[in-house]
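This is what each chain is made of:
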Amino acid sequence: MPPGYHGCYLRIDVSTGRTERVPLSEALLRGYIGGSGLGTRLLLDEAGAAVDPLAPEAPLIFAFSPLVGTPLTTSAKFAVVSRSPLTERINDSLAGSGFALAGKHCGCDAIVIVGRADALSVLVIDDGEIQLRSGDGLQGASCPKTEDTLRAALGADYRIASIGPAGERLVRYATISHDRRHAGRGGSGAVLGSKNIKAIAVRGTQRCDWAHPEALVELSRELSQRSFGPATAKYRELGTAANLLTLNRFGALPTRNFQSGTFDQAASLSPAELGVRHPRVRASCTACTIGCEHLYELDKAGVRVEYESLFALGSLCGIGEGSTVLRASQRCDEVGIDTISAGGTIAFAMECVDRGLVDEKWLTFGSGDAVLKAIELIGRREGIGDLLAEGSRRVAMAVGQGSMAFAPQVKGLEIPGYEPRALQTMALGFAVGSRGADHNRSGAYEVDLSDRVDRRHATLESVQHAIETEDRAALMDSLILCKFLRGVFSDFYDEAAEMLRQVTGWDVTAGELHDTARRIVAAKREFNVAAGWTPDEDTLPERFLDAALPNDAAAVLTHERLQQLVAEYHRQRTNS
Amino acid sequence: MHVEFLGIPRERAGVAEVEIEAGTFGQLLGTLVSRFPELRELVTERGLHSSIAANLNGDEFVSDPNRILAANDRVILLSADAGG
């Protein structure tokens, strides 16, 4: 087995407690590397596309990578892969920090969980030895409370991944939380909840060798040095919250359920304004030199806020009051729900109320109390919250009356904070994304905000750009490296190959990694086809097609143009 | 012309906007660096660091130092990686 790997995964059936150590071939590892790629391959091999994502037999996979445990900055990350209960398509979500290290130190490259425990339980993996413990006392506990309680009970050297009350109640966009961060999108928390597993606790001592340790340490030192430079300054100094004013300036800030691309209260949600009333401190994941996290003080606690939470719980719901958005983000983190899907679903419901399609008069744009109340109801699945817990697509199916046209989702996944009409390469990325509308699997917004394309008039040339960002994301998510590093590389594929050579000893090249990235994207599509994907899923809601974005007459994406772009995307993918 | 700063350029310049006279994009960058030395790591007369982008009038992104600018143009300097 090559250095950097253990050469096996743990397969745990929580119905029976049976555990297997399943070998992984070198060919499979080299073909899919780790993280999202390895997780997707294992999910396909487990026939995960054929089962209901919340059924006991549905696999939930935690995948590590050869770079986990190395000194390479931002490499302490893990992927969670399953069929999504929100989209019923592939879902790979990532999170960072010590769980990746401790999980890999259990002597495995991935953990595959199937089955359903009889009662709420905690899965403890101690150096590869498995134990199912009672989850008594943790029912309904928030993500941070669960993690703190378990570390106090088991020992501070355990690393915990947990769900909040939303995961227990199978909210379809529930998260898996670790160290106050989240594998956020697509509802992996509901999958874990469906198995009656409140948390997974891991610790271990089994480390992997590296093929060329001295060269790897030198490479890592040099990469860390570059990570302190201007390419990461925005993340370090301002955090992703800085994007809000930029996107607002370009009419690309989704506002009031995508009814506008500008928000008149955007300035009040900027890092500078938030910081006036809520002092800010920085934090970082384990083994990260960037330190992108900015925690804003709220009632003596630090609230981690990213752009996506600010937009989804702020402008998208018409909320310009910083304290309210911080509180809403904090409650989403505690309850354990994805802020983008929560904000998207709430904003959609607000527009339904506006149009007289839903009789919940309190649920109005601009009401901070309404957003906070809706989050609580979703977490408890009470009242209208039980429907909102299903996500905007299922809400639209229940409401009917043409509401699907303005449900802000693709394949059921709520659209992140990039107005598709104003950023049309991103629009294509959203339409074809294997896990639905997603900015982490297609980084095409950065193409739109460059001189490579006309952001409001996508052409067939845009397709290649969208494919390139999708391929790069697939590789970064499989190595795994944080995407905030991407600006420090002069040639990412070359440098990634060098990292893998030093860790594994493989004679891997940049060209091979291009092929690997395409193979991983293709594997996700293969999964979706097996799960029932049809070509008409690769589109955008009607709202975004044919009509101009209000206040920007040039921002028009016709249905015909999007169809041409999608067709060209599939043509190029088929031929590559 | 009017220059707006967003993201890291605003952090470095210390202001949100400024009026500058310049005939080309390269001249504009040179003047900006003279006026705001803290921009030097990101901006030279020859162009922009890859982490910074420049936009003209909210429409077109520009990078050619020889690009002719009009007196009534609005130039926006922003962090290029405007994603989360």
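In this text the structure is predicted, and so the values were computed from the model without any measurement.

Caption draft 1: Region of the structure containing the overall build of chain B. Tallying secondary structure elements over chain B gives 2 helices and 7 strands in all. Along the chain direction, N to C, the helices and strands of chain B fall in the order β-α-β-α-β-β-β-β-β. Expected size for 84 residues packed as a compact globule is a radius of gyration near 12 Å; at 11 Å, chain B falls within 12% of this value. For chain B, the spread of C-alpha atoms along the three principal axes comes to 35 × 25 × 20 Å. Taken over 84 residues, chain B has a buried fraction of 57%. Here chain B has roughly 3,700 Å² of accessible surface; of this, 45% comes from carbon and sulfur atoms. Taking the 7 positively charged and 13 negatively charged side chains of chain B as two groups, their mean positions are separated by 4 Å.

Caption draft 2: Molecular detail of the overall build of chain A. For chain A, the count of helices and strands is 22 helices and 17 strands. Against the compact-globule benchmark of 25 Å for 576 residues, chain A has a radius of gyration of 22 Å, which places it among compact chains. Seen through its C-alpha atoms, chain A measures out along the principal axes to roughly 60 × 55 × 50 Å. Counting across all 576 residues of chain A, residues that qualify as buried make up 66%. A sequence separation of at least 24 residues applies to 69% of the contacts in chain A between residues at least 6 apart. Accessible surface, chain A as shown: approximately 18,500 Å² in total, 48% of it carbon and sulfur. Here chain A holds 62 positive side-chain charges and 73 negative ones, and the gap between their average locations is 2 Å.

Caption draft 3: A look at the side chain of Ser93 of chain A. Residue and element names in this part refer to chain A. Its place among the elements puts Ser93 in strand β5 (residues 90-96). Relative accessible area serves as the criterion here: at 2%, Ser93 is assigned to the buried category. If sequence neighbours within four positions are ignored, Ser93 has contacts with Phe78, Ala79, Val80, Ala183, Gly184, Arg185, Ser188, Arg435 and Arg441.

Caption draft 4: Just helix α16 (residues 392-399) of chain A, in detail. All names here are of chain A. Within α16 the residues assigned to the buried category are Ser392, Arg394, Val395, Ala396 and Val399. Close packing links the buried residues of α16 with α13 (339-354), α15 (384-388), β16 (409-410) and β17 (413-414). Of the residues flanking the end of α16, it is Gly400, one or two places downstream, whose phi is positive at about 65°.

Caption draft 5: Inspection of the interface of chain A and chain B at higher detail. Listed by partner, the interface residues are 27 residues for chain A and 25 residues for chain B. For the pairing of chain A and chain B, the buried interface totals around 2,200 Å² over both sides, and the portion due to carbon and sulfur atoms is 56%. Its largest share of buried area at the contact with chain B, chain A owes to Pro230, Arg249 and Phe250 of chain A, together 26% of the area lost on that side. Counting the contacts that link chain A with chain B gives 3 salt bridges. For Glu4 of chain B, the salt bridge is made with Arg249 of chain A, and the minimal N-O distance between the two is 2.7 Å. On the surface where chain A and chain B come into contact, there are 7 residue pairs in polar contact (both at pLDDT 80 or more). For the side of chain A that touches chain B, the secondary structure elements donating two or more residues are α8 (233-238), α9 (243-249) and α18 (445-448) of chain A. Split into classes, the residues belonging to the side of chain A that touches chain B amount to 12 nonpolar, 6 polar and 9 charged.

Caption draft 6: How the structure looks around empty space enclosed by the protein. All names here are of chain A. Under the defined criterion, the tally for this structure stands at 4 cavities of 30 Å³ or more. Taken as a whole, the largest cavity spans an internal volume of roughly 830 Å³. Taken together, 42 residues make up the lining of the largest cavity; nearest its centre are Leu94, His182, Arg304, Glu306 and Asn440. Elements represented by at least two residues in the lining of the largest cavity include exactly β5, β11 (181-183), α11 (307-313), α12 (322-335) and α13. Among the elements that line the lining of the largest cavity, the one with the most residues is β5, at 4 residues. Each residue belonging to the lining of the largest cavity can be placed in one class, and the counts come to 12 nonpolar, 17 polar and 13 charged.

Caption draft 7: View of the packing of aromatic side chains. Residues and elements named next belong to chain A. Counted according to the given criterion, the structure contains 14 aromatic pairs over all chains. With 5.3 Å between their ring centres and 50° between their planes, Phe348 and Phe406 make a pair best called tilted. A residue pair is termed long-range when its members are at least 10 positions apart, and Phe348 in helix α13 and Phe406 in the loop between α16 and β16 qualify at 58 residues. Taken together, the aromatic side chains of Tyr307, Phe311, Tyr418 and Tyr445 make up a single cluster linked through ring pairs. One residue, Lys373, lies across the ring of Trp362, its end atom 4.1 Å from the ring centre. When the ring centre of Trp533 is taken as origin, the NZ or CZ atom of Arg525, which lies over that ring, is 5.2 Å away.

Caption draft 8: Spatial organisation of the pairing of strand β4 (residues 77-83) of chain A. All names here are of chain A. The buried count for β4 comes to 7 of 7 residues, which makes it a mostly enclosed element. Summarising the sheet, strand β3 (residues 60-63) and β4 pair through 3 bridges and their orientation is antiparallel. Among the inter-strand pairings, Ala63 is bridged to a residue of β4, identified as Ala79. Sheet analysis places β4 next to β5, joined by 7 bridges and oriented antiparallel. Residue pairing across strands places Phe78 opposite Ala95, the latter belonging to β5. In textbook terms, the turn of a hairpin is the stretch between consecutive antiparallel strands, and for β4 and β5 this stretch comprises 6 residues, one of which, Glu88, has a positive phi near 60°.

Caption draft 9: Representation of the nonpolar core in the model. Residue and element names in this part refer to chain A. In terms of nonpolar packing, the biggest core is built from 187 residues, with Phe62, Ile200 and Ile337 touching the most fellow members. Here this core gets 9 residues from one element, more than from any other, and that element is α13. Each residue touching Ile200, except ones within four places of it in the same chain, is listed here: Phe62, Phe99, Ile113, Leu123, Ile125, Arg159, Ile160, Ala161 and Leu192.

Caption draft 10: Representation of the layout of surface pockets in the model. Of the voids in this model, the largest pocket is the one considered here, and its volume is about 930 Å³. Along its surface, the largest pocket is lined by 42 residues, and Glu446, Arg452, Arg472 and Gly487 of chain A together with Ser50 of chain B are the ones closest to its centre. The set of elements that each furnish at least two residues to the lining of the largest pocket consists of α18, α19 (461-479), α20 (492-504), α21 (510-530) and α22 (559-575) of chain A together with β4 (47-48), β5 (52-56) and β6 (60-62) of chain B. Here the lining of the largest pocket takes 7 residues from α19 of chain A, the largest share from any one element. Among the residues forming the lining of the largest pocket, the class breakdown is 16 nonpolar, 14 polar and 12 charged.

Each value, and the rule that gives it
- Residues numbered from 1 in each chain as written.
- Chains lettered and ligands numbered in written order.
- Predicted model: local features only at pLDDT ≥ 70, side-chain atom pairs only at ≥ 80, totals over all residues.
- Heavy atoms only, no water.
- Helix = DSSP H or I, 4+ residues; strand = E, 2+ residues; numbered from the N terminus.
- Rg over C-alpha atoms; globule rule 2.2 N^0.38 Å.
- Buried < 20%, exposed > 50% of the residue type's maximum accessible area, 1.4 Å probe, protein only.
- Areas by Shrake-Rupley, 256 points an atom, 1.4 Å probe, with all protein chains shown as cover.
- Lys, Arg positive; Asp, Glu negative; His and termini not counted.
- Charge placed at Lys NZ, Arg CZ, Asp CG, Glu CD.
- Contact = heavy atoms within 4.5 Å.
- Buried area = accessible area lost by both parts, 1.4 Å probe.
- Salt bridge = Lys/Arg side-chain N within 4 Å of Asp/Glu carboxyl O.
- Polar contact = N/O pair within 3.5 Å; in protein donor to acceptor, adjacent residues only side chain to side chain.
- Nonpolar A, V, L, I, M, F, W, Y, C, P; charged D, E, K, R; others polar.
- 1 Å grid on protein atoms, 1.4 Å probe; cavity = no way out; pocket = protein on both sides within 12 Å on 5 of 7 lines; lining within 4 Å.
- Points joined across faces, edges and corners; volume = space filled by probe spheres on them.
- Phe/Tyr/Trp six-rings, centres within 6.5 Å; stacked < 30°, edge-to-face > 60°.
- Lys NZ or Arg CZ within 6 Å of the ring centre and 35° of its normal.
- Pairing = 2+ DSSP bridges.
- Core = buried A, V, L, I, M, F, W, Y, C linked by side-chain atoms within 4.5 Å.

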